[in-house]
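Here is what each chain is made of, one letter per residue.
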Amino acid sequence: MSKLSTGPAAALADVLADGITIAVGGFGLSGIPADLIDAVRDSGVRDLTIVSNNMGIDGKGLGVLIESGQVKKVLASYVGENRLFAEQFLSGKLEVEFNPQGTLAERLRAGGAGIPAFYTRTGVGTQVAEGKPHAEFDGELYVQERGIVADLALVHAHTADTEGNLAYRYTARNFNPVVATAGRVTVAEAEVIVAAGDLHPDHVVTPGVYVQRLVQASDRPKDIEQRTVRPRPAAVGA
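Here we summarise the structure given alongside this text.

Criteria and cut-off values
Positions within a chain are numbered from 1, following the residues in the order the chain's sequence is written. For this predicted model, a pLDDT threshold of at least 70 governs which residues receive local features, and a threshold of 80 or more governs which side-chain atom pairs are given and counted, while totals over whole chains, interfaces and linings are taken from all residues. To get the side-chain values, all heavy atoms of the structure are used, and hydrogens and water are removed first. Excluding any residue in a salt bridge, patches collect residues exceeding 30% relative accessible area, merging like charges within 9 Å and nonpolar Val, Leu, Ile, Met, Phe, Trp and Tyr side chains within 5 Å. Method for areas: the Shrake-Rupley scheme with a 1.4 Å probe, in which residue coverage is limited to the protein chains shown. Only one rule defines a salt bridge in this text: a Lys or Arg side-chain nitrogen within 4 Å of an Asp or Glu carboxyl oxygen. What counts as a helix is a DSSP run of H or I of at least four residues, what counts as a strand is a run of E of at least two, and both are numbered from the N terminus. Stacked, edge-to-face and tilted are the three classes for Phe, Tyr and Trp ring pairs, Trp counted by its six-membered ring, which pair at centre distances within 6.5 Å; planes under 30 degrees apart are stacked, over 60 edge-to-face, the rest tilted. A simple rule labels every residue: compare its accessible area, found with a 1.4 Å probe on the protein chains alone, to the largest value its type can have, and call it buried under 20%, exposed over 50%, or partly exposed in between. Working rule for contacts: check all heavy atoms of both residues, and any pair within 4.5 Å makes them a contact. In the analysis that follows, any N or O atom pair within 3.5 Å is treated as a polar contact, provided that within protein one partner can donate a hydrogen and the other can accept it, and provided that, for residues neighboring in sequence, both atoms belong to side chains. The term nonpolar core refers to a set of buried residues drawn from Ala, Val, Leu, Ile, Met, Phe, Trp, Tyr and Cys, joined through side-chain atoms within 4.5 Å. Strand pairing is assigned whenever DSSP identifies at least 2 bridges connecting the two strands. Angles run from 0 to 180 degrees between N-to-C directions of axes, and those axes are lines fitted to C-alpha atoms, restricted for helices to the stretch in contact.

With that settled, the discussion passes to a nonpolar patch on the surface. Among the surface-exposed residues, Phe 89, Leu 90 and Phe 98 lie close enough to one another that they form a single nonpolar patch of about 310 Å² accessible area. Position of Phe 89 relative to the elements: it lies in helix 4 (residues 83-90).

Here the focus is the packing of aromatic side chains. Describing an aromatic ring pair means giving the distance of the ring centres and the angle of the ring planes. All told, the structure shown has three aromatic pairs when counted by the stated rule. A ring pair is formed by Phe 137 and Tyr 142, whose centres lie 5.5 Å apart and whose planes are at 85 degrees; its orientation type is edge-to-face. For Phe 137, a relative accessible area of 37% gives the class partly exposed. Cluster of aromatic residues (ring-pair linked, three or more members): Tyr 119, Phe 137 and Tyr 142.

Here Glu 140 is to be found in strand 7 (residues 140-146). Accessibility expressed as a relative area gives 34% for Glu 140, which makes it partly exposed. Distance from Glu 140 to Glu 191, taken between C-alpha atoms, is 46 Å for residues 51 residues apart in sequence. Excluding residues that lie within four positions of it along the chain, Glu 140 makes contacts with Arg 121 and Ala 135. A polar atom in the side chain of Glu 140 sits 3.4 Å from the side chain of Arg 121.

Further remarks concern the nonpolar core. Membership of the largest hydrophobic core comes to 34 residues, with the highest contact counts inside it found for Leu 12, Ile 22, Val 40, Ile 50 and Leu 152. For this core, the secondary structure elements donating two or more residues are helix 1 (8-12), strand 1 (21-24), helix 2 (34-43), strand 2 (48-51), helix 3 (63-67), strand 3 (71-76) and strand 8 (150-161). In contact with Leu 152, not counting residues within four places along its chain, are Leu 12, Val 15, Leu 16, Ile 20, Thr 21, Ile 22, Ala 23, Val 185 and Val 187. Membership of the second largest hydrophobic core comes to 22 residues, among which are Val 51, Val 178, Ala 190 and Leu 214.

Sheet architecture is open: three strands sit in the order 5-7-6, paired in antiparallel fashion. Each edge of the open sheet carries a strand with a single partner, namely strand 5 (117-120) and strand 6 (134-137). For this sheet, the mean inter-axis angle between neighbouring strands, taken without regard to orientation, is 40 degrees. With four bridges joining them, strand 5 and strand 7 adopt antiparallel strand pairing. Paired with Phe 118 across the two strands is Glu 145, which belongs to strand 7. Contacts from helix 5 (residues 101-113) reach strand 5 and strand 7, with the element oriented near 155 degrees to strand 5.

So, about the pairing of strand 8. Within strand 8, ten of the twelve residues are buried, which leaves it mostly tucked inside the rest of the structure. Bridge count between strand 1 and strand 8: three bridges; the pairing is parallel. Across the sheet, the residue bridging to Val 24 is Leu 154, located in strand 8. When strand 8 meets strand 10 (residues 183-194), the two strands line up parallel, connected through ten bridges. What sits directly across from Ala 160, in strand 10, is Ile 193.

What follows covers the pattern of salt bridges. According to the stated counting rule, one finds 14 salt bridges in the structure shown. Between Lys 222 and Glu 191 there is a salt bridge, with its nearest N and O atoms 3.2 Å apart. Within this pair, whereas Lys 222 is found in the segment after strand 11 (213-216), its partner Glu 191 is found in strand 10, the two being separated by 31 residues in sequence. For Lys 222, a relative accessible area of 63% puts it in the exposed group. Classification of Glu 191 by relative accessible area gives partly exposed; the value is 27%.

Another point: helix 4. An α-helix turns once every 3.6 residues. As a result, residues three or four positions apart point the same way. Of the residues flanking the start of helix 4, the one acting as N-cap is Asn 82, its side-chain oxygen 3.2 Å from the backbone nitrogen of Leu 84. The first or second residue beyond helix 4 is Gly 92, which carries a positive phi of 85 degrees.

Structure, rendered in structure tokens:
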């Protein structure tokens, strides 16, 4: 049965609500579900908790939800590219729960796997571990971290079939596979959508069982946060 929706707004219409938790794939501006993020902004829902590696940059990616004032809390590992985010955090307008990057990835993976909590040495003795249960294993102290299950997960894939099986491209894969498993409802946007059976099983990264809805991604420029280049060396003999 096809999971293809007519567009981002239609795919999200009955799942968006004030106060929900949304997990979002992407790393910086790479592999972000930009069309779905824009649809969340356009819906006007507020008091959102966003789980994502970072919050994009000013005016792009998840930064548009910061600008529109729709975000109440953020769980992230890196936020250094977004000036407005920093202003809202420092002024107390935005609640932030920082996570080591590997811990955030594992919290999402654990949530998707039905694991309520796990122990890690990462963060022990720092502010990250304050107020959390600790336990000793083999003479080492570990901190307990909770798995994350979001009300809604938004991901971007390069290729999908109509049953929701997903394949990613290069570094745009990043957090998308773990985010896809961690949502009670997962909506994916894909650049290329093929018929069921046309995506080789060996190429499937996220099985369609995790994806409830699918939309065609628009053809938009793929932004990056920063570009640093140097002149190409002259060709020999030129």
